[in-house]
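Take a look at the letters that make up each chain.
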2 protein chains.
Amino acid sequence: MDETPMGIWDFCTNSALKRASRQLGQLYEDVLAPSGLRGTQFSLLSQISHSKNASLRTLANLLVMDLSALGHTLKPLIRDGYVELVPDVSDRRVKRVQLTPLGQKKQQEATDLWRKAQARFDNALGKPEADALRRALNGLSEASFAEAFTRASDTTGPGESG
Amino acid sequence: MDETPMGIWDFCTNSALKRASRQLGQLYEDVLAPSGLRGTQFSLLSQISHSKNASLRTLANLLVMDLSALGHTLKPLIRDGYVELVPDVSDRRVKRVQLTPLGQKKQQEATDLWRKAQARFDNALGKPEADALRRALNGLSEASFAEAFTRASDTTGPGESG
DNA sequence: TCAATTTAGTGGTATATGCCACTAAATATA
DNA sequence: TATATTTAGTGGCATATACCACTAAATTGA
């Protein structure tokens, strides 16, 4: 065999993460398809549902997403009548994000499909492994991890100083 | 506390994966920035370097990426002179992807930066955990996982029937 | 050999996501 | 109070990524 099936993802966590994200994204989206929602849109609607009356900024921080990216991503959902932005009265810069009744219905409908996808995932990987993976991923998403990463000078050698 | 900091990512592996991907993407890209390459572009150049003379289709499969998405993503790299597509002589449908000399140089330059990012990641998470995470993610990216997922009827109850 | 099917790529369109520049509004400071 | 700074959001531009329709070339089958 002269064709080594080695990839950058075997070394690079970032590449591995993106590749896995594409794969799992496809898998979940296929299941969510009947709802007409993309995977990201389902995540968004669900989080908006959880974080009632959050501002765009708050939501962006929770989702570890750029504020303007969130704004852009919400546009199709606003256009389709699932989400609305309500200006805050006390701070006129702020806009609160909320689901419309239609959005709530759509989110619930999609949740039924999502449960299937999640069940399949847990079955395919094993429940304990799935839970562990989710925890690990959520650890990476915490601000404290970003700080640890940024702070980490590459002390690859033996003996950790400082 | 009436503000439960609970998120969809606490339940949904897909949401957790995308969120972590955004976070890690930012972290890696900050380190790669001096090279002028985005994270995805570095992954791409590296994989092209590994998979010498691969066709677009082969590369797309390896990367678990849609063929046309790969084509689109390569465009900036071709425009900037890092990558070129060479038509295959025996099968005139096929285009082989390869780095230009400039692309090789850029890839090597970026690899030096990447090593820093990777070292920081390993430091922040711990080497064994990082390796385990990479393995888990690469498992999700395998075709066999997609098959297991698709095949998995949601046998959430006890007793798995054939 | 010729038609039907499959395979590789391209281009258009839409969503996902980030950066930067800009506006508006709130807050801090002199 | 008037100015400086910070904060929230918007809009433009670029890349990332998917789907669909289409072309071209190879393969299959009659």
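Scroll up to find the structure this text is about.
Residues numbered from 1 in each chain as written. Chains lettered and ligands numbered in written order. Predicted model: local features only at pLDDT ≥ 70, side-chain atom pairs only at ≥ 80, totals over all residues.

**Regarding the overall build of chain A**
A count of helical and extended segments in chain A gives 7 helices and 2 strands. In chain A, the succession of helices and strands from N to C terminus is α-α-α-α-β-β-α-α-α. In terms of overall dimensions, chain A is more spread out than a globule: its C-alpha atoms have a radius of gyration of 19 Å, far above the 15 Å expected for 162 residues. Summarising its shape, the C-alpha atoms of chain A cover approximately 55 × 45 × 30 Å along the three principal directions. A total of 162 residues make up chain A; the buried ones form 34% of that total. (Helix = DSSP H or I, 4+ residues; strand = E, 2+ residues; numbered from the N terminus. Rg over C-alpha atoms; globule rule 2.2 N^0.38 Å. Buried ≥ 20, exposed ≤ 12 C-beta atoms within 10 Å, placed from the backbone.)

**Section: the environment of Leu 24 of chain B**
Looking at where Leu 24 of chain B falls in the secondary structure, it is placed in helix α1 (residues 13-32). Spatially, the C-alpha atoms of Leu 24 of chain B and Arg 115 of chain B are 15 Å apart, while their sequence positions differ by 91 residues. Leave out the neighbours within four places in its chain, and Leu 24 of chain B touches Thr 13, Asn 14, Leu 17 and Leu 140 of chain A. (Contact = placed C-beta atoms within 7 Å.)

**Concerning the protein's contact with DNA strand C**
The immediate surroundings of DNA strand C are formed by 25 residues, with Ser 68, Ala 69 and His 72 of chain A together with Arg 57 and Ser 68 of chain B found nearest. Those elements that provide at least two residues to the surface near DNA strand C are α2 (39-50) and α4 (67-79) of chain A together with α1, α3 (56-62) and α4 (67-79) of chain B. Examining the composition of the surface near DNA strand C, we find that 5 residues originate from one element, α4 of chain A, more than from any other. Tallied by class, residues from the surface near DNA strand C come to 7 nonpolar, 8 polar and 10 charged. (Near = placed C-beta within 6 Å. Nonpolar A, V, L, I, M, F, W, Y, C, P; charged D, E, K, R; others polar.)

**Comments concerning the relation of the copies chain A and chain B**
With an RMSD of 0.0 Å, the operation that places chain A on chain B is a rotation of 180° combined with a shift of 0.0 Å along the axis. The symmetry that links the two subunits is that of a two-fold axis. A shared binding surface is used by both copies, with 100% of the interface residues of chain A retained as interface residues in chain B. (Least-squares fit on C-alpha atoms with pLDDT ≥ 70 in both.)

**Side note on the protein's contact with DNA strand D**
Close to DNA strand D lie 26 residues, the nearest being Arg 57 and Ser 68 of chain A together with Ser 68, Ala 69 and His 72 of chain B. Of the residues contributing to the surface near DNA strand D, the split by class is 7 nonpolar, 9 polar and 10 charged.

**Regarding α1 of chain B**
Side chains that are three or four residues apart share a direction in an α-helix, a result of its 3.6 residues per turn. Helix length check: α1 of chain B (20 residues) gives 27 Å between terminal C-alpha atoms against 28 Å at 1.5 Å per residue, within 8%. Buried residues dominate α1 of chain B, accounting for 15 of its 20 residues. (Expected span 1.5 Å × (residues − 1).)

**Remarks on the packing of α2 of chain A against helix α5 (residues 101-125) of chain A**
Residue and element names in this part refer to chain A. It is at 10 Å that the axes of α2 and α5 come closest, and there the two elements cross at 120°. Considering the angle they form, α2 stands oblique to α5. In terms of crossing hand, the pair formed by α2 and α5 is left-handed. Contacts between α2 and α5 involve Phe 42, Leu 45, Ser 46 and Ser 49 on the former and, on the latter, Gly 103, Lys 106, Gln 107, Ala 110 and Trp 114. (Axes fitted to C-alpha atoms, helices over the stretch in contact; angles between N-to-C directions. Parallel < 35°, antiparallel > 145°, perpendicular 65-115°, else oblique. Left-handed = near helix turned anticlockwise from the far one by under 90°.)

**So, the packing of helix α1 (residues 13-32) of chain A against α1 of chain B**
For the pair α1 of chain A and α1 of chain B, interaxial distance at closest approach is 9 Å and the crossing angle is 150°. Classified by the angle their axes make, α1 of chain A and α1 of chain B are roughly antiparallel. In terms of crossing hand, the pair formed by α1 of chain A and α1 of chain B is left-handed. In this structure, α1 of chain A uses Thr 13, Asn 14, Leu 17, Lys 18, Ala 20, Ser 21, Leu 24, Gly 25 and Tyr 28 of chain A to contact α1 of chain B, whose residues at the interface are Thr 13, Asn 14, Leu 17, Lys 18, Ala 20, Ser 21, Leu 24, Gly 25 and Tyr 28 of chain B. Its residues assigned to classes, the contact of α1 of chain A with α1 of chain B shows 8 nonpolar, 8 polar and 2 charged.

**Let's talk about unusual backbone geometry**
Positive phi outside glycine occurs at Val 64 of chain A, with the angle close to 50°. In this structure, Val 64 of chain A sits in the loop between α3 (56-62) and α4.

**So, the environment of Tyr 28 of chain B**
Mapped onto the elements of the fold, Tyr 28 of chain B is located in helix α1. Residue classification places Tyr 28 of chain B among the buried positions, given that 29 C-beta atoms sit within 10 Å. Separated by 93 residues in the primary sequence, Tyr 28 of chain B and Phe 121 of chain B have C-alpha atoms spaced 8.9 Å apart. In contact with Tyr 28 of chain B, not counting residues within four places along its chain, are Asn 14 of chain A together with Gly 39 and Ala 117 of chain B.

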